[in-house]
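This is what each chain is made of:
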Amino acid sequence: MYSEADGALWHGRIDDNDNHAHFRNFQVVQVVDAEGELTERFDVGILGYAVDRGVYLNQGRVGTKQGPDAIRTKFGNLPLIHNLSIADFGNVTTEEKFVENVQHEYAELIDKTNDYAKFHLLIGGGHDISYAHFKGLKALYPEQSIGVINIDAHFDLRDSEYGTSGTGFKQILDEDADAGYLVLGLQEAGNTQHLFEVAEQYDVKYVLAEDIDYDTTDEIIQSFIEQYDIIMLTLCLDVIDSAFAPGVSAPCSFGLTPHQVERLIRAVLSYGKTRHLSIAEMNPEYDIDGRTAKLVGHIMFFAVHRNPSIL
């Protein structure tokens, strides 16, 4: 079910109402009805996946359906750089028992809004956003190969009779024989032996969290990206150490730092094959002083303001 964004979420400190050099993001955001006729083009588009049913089905901590709106309030108060234009295309949510229909709806909105922003921030919500993200890209690029890069502590290669926040990447690989999958920041303690066996079966590439700072990581990223026409980039916030990101569905010990995650995102975006970044598992129910939501806002800030696809 689609809903237009709540404009009241976009608020913050006002230093000046006229000089854009003093502006923050909330002062330029335009709320756009994505179900209506789209005409105006923007530098940045935001689309929320306000869904935590997939997390529930994956036996995780629910609450991520409030994630997109919590993120908006923090991103909105960050400084506007380069006088970028920003559109908020709203949220999808669901009261249904399963997530397949809302994933399909979200994929259609990715397809519809694609031409109306240079770069898209897809904010969740559970990591079942990953499958919706991929389906949206397949609609946009049906004849092009897609490589999936997931910055995540988990493979999310589970089997299930229905989609969950833990099945998305296996669904992708089962449906598209040409797709590839690379996981950055994987935790050995966060995945069963069976999942490592599934990863080997599907030729999944990965870099463990403990190895993420070695020079070979950049070489692995480059080698992977060069094999594909389009790169789907998705971030699961549980890859970040819980000291920095307590407000997630599955908090992580021994996780990455925010600086490591930002560097990985910047490395992927530098190749110019990525126009959509999805961010999953923001859970305000377990956040502390808005710490995780603010962290996501900063990740979005760097993804936008250091992005060659926009500037």
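Up top you'll find the structure we're talking about.
Below you will find a few notes about this structure. None of these values were measured; they are calculated from a predicted model.

Here is what the cut-offs are and how they apply
Residues numbered from 1 in each chain as written. Predicted model: local features only at pLDDT ≥ 70, side-chain atom pairs only at ≥ 80, totals over all residues. Heavy atoms only, no water. Helix = DSSP H or I, 4+ residues; strand = E, 2+ residues; numbered from the N terminus. Contact = heavy atoms within 4.5 Å. Areas by Shrake-Rupley, 256 points an atom, 1.4 Å probe, with all protein chains shown as cover. Lys, Arg positive; Asp, Glu negative; His and termini not counted. Charge placed at Lys NZ, Arg CZ, Asp CG, Glu CD. Buried < 20%, exposed > 50% of the residue type's maximum accessible area, 1.4 Å probe, protein only. Core = buried A, V, L, I, M, F, W, Y, C linked by side-chain atoms within 4.5 Å. 1 Å grid on protein atoms, 1.4 Å probe; cavity = no way out; pocket = protein on both sides within 12 Å on 5 of 7 lines; lining within 4 Å. Points joined across faces, edges and corners; volume = space filled by probe spheres on them. Nonpolar A, V, L, I, M, F, W, Y, C, P; charged D, E, K, R; others polar. Salt bridge = Lys/Arg side-chain N within 4 Å of Asp/Glu carboxyl O. Phe/Tyr/Trp six-rings, centres within 6.5 Å; stacked < 30°, edge-to-face > 60°. Lys NZ or Arg CZ within 6 Å of the ring centre and 35° of its normal.

## Some words on the overall build of the chain
A tally of regular secondary structure across the chain gives nine helices and 10 strands. C-alpha extents for the chain along the principal axes are approximately 60 × 40 × 40 Å. At a minimum sequence separation of 6, the contacts of the chain that also span at least 24 residues come to 78%. Split by element, the accessible area of the chain, about 13100 Å² in all, is 45% carbon and sulfur. Of the side-chain charges in the chain, 23 are positive and 49 negative, and the distance between the mean point of each set is 4 Å.

## Re the side chain of H305
One can find H305 in helix α9 (residues 291–305). Accessibility expressed as a relative area gives 9% for H305, which makes it buried. Ignoring anything within four residues of it in the chain, the contact list for H305 reads N25, P79, L80, I81, H82, L84 and L311.

## As for the nonpolar core
Within soluble globular proteins, side chains that are nonpolar tend to cluster in buried spots. By size, the foremost hydrophobic cluster in this structure holds 54 residues, and its most contacted members are I149, L184, L235, L237, I265, I299 and M300. Sequence-distant contacts of I149, that is, excluding residues within four places in its chain, are made with L182, L184, F224, I225, I231, M232, L233, T234 and V268.

## A short note on the layout of surface pockets
Of the pockets and cavities examined, the largest pocket occupies roughly 390 Å³. Around the largest pocket, the lining comprises 25 residues; the ones closest to its centre are H154, R158, G190, D238 and A250. Here the residues of the lining of the largest pocket are counted per class, giving 10 nonpolar, 11 polar and four charged. Considered as a void within the structure, the second largest pocket measures approximately 220 Å³ in volume. Every element with two or more residues in the lining of the second largest pocket is listed here: α8 (258–269) and α9. Among the elements that take part in the lining of the second largest pocket, α9 stands out by supplying six residues, more than any other.

## Focus on the pattern of salt bridges
Going through the model one piece at a time under the given rule, you end up with 13 salt bridges. Here E175 ties to K135 by a salt bridge, and the two come within 3.3 Å at their closest N and O atoms. With E175 in helix α5 (residues 168–175) and K135 in helix α4 (residues 129–140), the pair connects residues that are 40 residues apart, well separated along the chain. One network of salt bridges, with partners in common, ties together R13, D15 and R24.

## A short note on the packing of aromatic side chains
In this description, a pair of aromatic rings is defined by centroid distance and the angle of the planes. A complete count under the given rule lists nine aromatic pairs for this structure. Look at Y49 and Y106: their rings are 5.1 Å apart centre to centre, the planes differ by 70°, and that puts the pair in the edge-to-face class. With Y49 in strand β3 (residues 42–49) and Y106 in helix α3 (residues 100–113), this pair connects stretches of sequence that are 57 residues apart. Taking the relative accessible area as the measure of exposure, Y106 reaches 0% and is therefore buried. Their ring planes at 75° and their centres at 5.8 Å tell us that F196 and Y206 sit as a pair that is edge-to-face. In this pair, F196 sits in helix α6 (residues 193–201) while Y206 sits in strand β8 (residues 205–208), placing the two residues 10 residues apart along the sequence. Overall, F196 belongs to the buried group, its relative accessible area being 15%. Judged by its relative accessible area of 37%, Y206 falls in the partly exposed class. Its end group placed over the ring of Y286, R61 keeps NZ or CZ at 3.7 Å from the ring centre.

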